[in-house]
Amino acid sequence: MSDERCDVLIVGGGPAGATCARELRRAGLDVAILDKKTFPRDKVCAGWVTPLVLNTLEIDTADYVRDRVLQPISGFRSGMIGDGAVEVDYPQVVSYGIRRCEFDDYLLRRSDARLLLGEPLKTMERRNGEWLINDHLRTPLVIGAGGHFCPVAKQLGARVGSGEPVVAAKEIEFEMTPTQREACRVDARRPELYFCNDLKGYGWIFRKGDYLNIGLGREDNHRLGDHIDAFMDWLKRSGRIPADIDHRFKGHAYLLYAHGDRPLIRDGVLLIGDAAGLAYPQSGEGIRPAIESAVMAPQPLRVRPCSRPGRLSAGAAPCALSPAAGSALRSAGDQRPQPDTGRIAPAPGRAAAEESLVYPPRGAGPLVSARASAAVAHRGLGARPA
Ligand SMILES: Cc1cc2nc3c(=O)[nH]c(=O)nc-3n(C[C@H](O)[C@H](O)[C@H](O)COP(=O)(O)OP(=O)(O)OC[C@H]3O[C@@H](n4cnc5c(N)ncnc54)[C@H](O)[C@@H]3O)c2cc1C
């Protein structure tokens, strides 16, 4: 058995995992990311991000756009499937289109974490107050960022794939041929959204440079394929998209945070992003809450000034939350997203919570940090605590 170690192991190198790793690396911690895929890899997603995502990630758009797609959006075309549509334009850019194969690779490479790619999480065993991962890596703290089907979420007891009220969605993204580009009537600055007649989902067409992304997601996954066929037939009949596009869509699922009840924390483990089920119920936007939870989760992991800079105690024994931290966290849990913006309202308890958690009681190990991180992140986002 090898003696490989890290302060924090993040399972999943998507936007949540890569962002969380970057934050932890900035705090001086030794972080490894384990992902079953090698990067760049595709992720089933429309790739629509709000400006807040780019700001939070401190993305230099001039640099990003040099060899990647970043499609500005300043309007929408929307309506009901099979019916008419209205167009709305704004005087400024209100969103962007990215390609997930490029975006995720960019975030992962700049995270500065050790990358263990092409290796799935197979085993996760508790040994002497630490986790032993895949029989070769020891760590006091595992962060589950493996998306909806995250194996760490399963380890915590989530009913992944059985009985959770998921959004089921399918999508296709491809580079259009010159003829298809000519025939496509979708304006790249004005993506199109069309609601299902029962309002249980919507379909979209999104042009990003020379790429076209078409998909449909529903809260009820019954006969999803039929809904997609009907959507595609209508788009083609109405001349919005070229007639020669095939229907080989790829599917995925995710949880809206109002519907999820996954356990989020246990000794030395916490979940972020889709693994925690945080997507916004109104829009299905998942990248932003994934990134916000990733930024917030590590905040209390900063170490006491008197301890070895930038190191967690790898062998720290598990211990319970201190009463002070517990009560501060309860106050932090009073935060609620603002109705208009979904942003978090500052609550008097939050500062106190972070203060007491950033400098946990002497002897407090990663468990305190893990619980604190998850509670601050998830309650702050309005999700149900474990
Ligand atoms: C069709 C569709 C369209 C969407 N469109 C949008 C959109 O336009 N805008 C938006 O904001 N959100 C959208 N979402 C939601 C968005 O894709 C997710 O919320 C977002 O990807 C969550 O990021 P994450 O980092 O938590 O997880 P992910 O991006 O899913 O990353 C998880 C990572 O974990 C790795 N992993 C999984 N299992 C293992 C394992 N066993 N071992 C090791 N690694 C593992 C995976 O390889 C992956 O790299 C859409 C979702 C779907 C399904």
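Here we summarise the structure given alongside this text. (Residues numbered from 1 in each chain as written. Predicted model: local features only at pLDDT ≥ 70, side-chain atom pairs only at ≥ 80, totals over all residues. Heavy atoms only, no water.)

### So, the site of the ligand
Convention followed: Distances are taken per atom, and a residue is near a molecule or strand as soon as one of its heavy atoms is within 4 Å of it. N or O atoms closer than or at 3.5 Å make up a polar contact, with two conditions inside protein: a donor-capable atom paired with an acceptor-capable one, and, for residues adjacent in sequence, both atoms drawn from side chains. Three residue categories are used. Nonpolar comprises Ala, Val, Leu, Ile, Met, Phe, Trp, Tyr, Cys and Pro, charged comprises Asp, Glu, Lys and Arg, and polar comprises the others, including Gly.
Neighbouring residues of the ligand: 36 residues in total, closest A16, D35, W48, R100 and D274. The separation between an oxygen atom of the ligand and a polar main-chain atom of G47 is 3.3 Å. Here an oxygen atom of the ligand sits 2.9 Å away from a polar atom, N or O, in the main chain of I287. Within the shell around the ligand, the residues separate by chemical class into 18 nonpolar, nine polar and nine charged.

### Focus: the side chain of R99
We apply this condition: Under the scheme used here, helices are H or I runs from DSSP no shorter than 4 residues and strands are E runs no shorter than 2 residues, and both carry numbers assigned from the N terminus. In this description, contact between two residues means that some pair of their heavy atoms is separated by no more than 4.5 Å.
Residue position: R99 is located in the loop between β8 (95-98) and α4 (100-110). Of note is the side chain of R99, whose polar atom sits 3.4 Å from the side chain of Y211. Leaving out residues up to four positions away in the same chain, R99 has contacts with Y64, V69, E173, K208 and Y211.

### Notes on the packing of aromatic side chains
The criterion, for reference: Any Phe, Tyr or Trp ring, taking Trp's six-membered ring, that has another such ring centre within 6.5 Å forms a pair; planes under 30 degrees apart are called stacked, those over 60 apart edge-to-face, and the others tilted. The classification of residues rests on relative accessible area computed with a 1.4 Å probe and restricted to protein chains. Under 20% of the type maximum is buried, over 50% is exposed, and intermediate values are partly exposed. Working rule: Lys NZ or Arg CZ, within 6 Å of ring centre, within 35 degrees of ring normal, means a charge sits over the ring.
The full count for this structure, using the stated rule, is ten aromatic pairs. Their ring planes at 15 degrees and their centres at 5.4 Å tell us that W48 and F76 sit as a pair that is stacked. On the criterion of sequence distance, the pair formed by W48 in strand β4 (residues 48-49) and F76 in strand β6 (residues 75-80) is long-range, its members being 28 residues apart. Taking the relative accessible area as the measure of exposure, W48 reaches 24% and is therefore partly exposed. For the pair Y194 and F231, a centre-to-centre distance of 6.4 Å together with 55 degrees between the ring planes defines the contact as tilted. Remark: F231 occurs in helix α7 (residues 224-237) and Y194 occurs in strand β15 (residues 192-195); sequence separation between them is 37 residues. Put simply, the rings of W48, F76, Y90 and F206 touch in pairs and so form one group of aromatic residues. In this arrangement the basic side chain of R126 is found over the ring face of W131, its NZ or CZ atom lying 4.6 Å from the centre.

### Quick notes on the sheet that holds β4
Which entries qualify depends on this criterion: A pair of strands is considered paired only if DSSP assigns at least 2 bridges between the two.
Across the sheet, three strands lie side by side as β4-β8-β5; this open sheet has antiparallel pairing. Sheet topology places β4 and β5 (70-73) at the edges, where each strand pairs with a single neighbour.

### A few points about unusual backbone geometry
For the bond from F39 to P40, the omega torsion is 0 degrees, close enough to zero to count as cis. The topology assignment puts P40 in the loop between β3 (31-35) and β4. Phi angles above zero are rare outside glycine, and D112 is one such case at about 70 degrees. Relative to the helices and strands, D112 resides in the loop between α4 and β9 (114-117). With phi around 60 degrees, L199 is a residue other than glycine that occupies positive phi space. Of note, L199 is situated in the loop between β15 and β16 (201-208).

### Some thoughts on the pattern of salt bridges
Selection criterion: By definition here, a salt bridge exists when the distance from a side-chain nitrogen of Lys or Arg to a carboxyl oxygen of Asp or Glu is within 4 Å.
Taken as a whole and assessed by the stated rule, the structure comprises 28 salt bridges. For R99, the salt bridge identified is with E173, shortest N-O distance 2.9 Å. One end of the pair, R99, is in the loop between β8 and α4; the other, E173, is in strand β14 (residues 167-175), and 74 residues separate them in sequence. Residue R99 is classed as buried on the basis of its relative accessible area, which comes to 12%. Residue class for E173 comes out partly exposed when judged on its relative accessible area of 23%. What you see here is one network of salt bridges that share partners, running through R22, E23, R26 and E58.

### Let's talk about the packing of helix α1 (residues 15-26) against helix α8 (residues 287-296)
The cut-off we apply is this: Fitted lines through C-alpha atoms give the axes, limited to the stretch in contact for helices. The angle between two N-to-C directions lies from 0 to 180 degrees. Oblique is the label for any angle not covered by the other classes, which are roughly parallel (under 35 degrees), roughly antiparallel (over 145) and roughly perpendicular (65 to 115). Definitions for this section: a left-handed crossing has its near helix turned counterclockwise from the far helix by less than a right angle. A right-handed crossing has that turn clockwise.
Contact geometry of α1 with α8 gives a least axis separation of 8 Å together with a crossing angle of 25 degrees. With respect to α8, the axis of α1 lies roughly parallel. You can see that α1 and α8 cross each other, and the crossing is right-handed. Across the interface between the two elements, P15, A16, T19, C20 and E23 of α1 pack against I287, A290, I291, A294 and V295 of α8.

### Structural notes on α1
Which entries qualify depends on this criterion: Multiplying 1.5 Å by the residue count of a helix minus one yields the expected span of that helix.
Here α1 is twelve residues long and its end C-alpha atoms lie 17 Å apart, about the 16 Å a rise of 1.5 Å per residue gives. In terms of burial, α1 is largely enclosed, as nine of its twelve residues are buried. Among all positions in α1, only P15, A16, G17, A18, T19, C20, A21, R22 and L24 are buried. Close packing links the buried residues of α1 with β2 (8-11), β3, α4, β13 (141-144) and α8. Two residues or fewer past α1, G28 is found with a positive phi of approximately 90 degrees.

### Some points on the environment of G84
Structurally, the position occupied by G84 is in the loop between β6 and β7 (85-89). Here the alpha-carbon distance between G84 and Y194, two residues 110 residues apart in the chain, equals 9.6 Å.

### Quick notes on the pairing of strand β10 (residues 124-127)
The pairing of β10 with strand β11 (residues 130-133) spans four bridges and is antiparallel. Its bridge partner lying in β11, R127 is registered against E130. Linking β10 to β11, which pair antiparallel, is a turn of two residues; within it N128 sits at a positive phi near 50 degrees.

### Some remarks on α8
For α8, the buried fraction is high: ten of the ten residues fall into the buried class. Among all positions of α8, only I287, R288, P289, A290, I291, E292, S293, A294, V295 and M296 are buried.

Bear in mind that shape data such as this cannot, by itself, settle questions of function.
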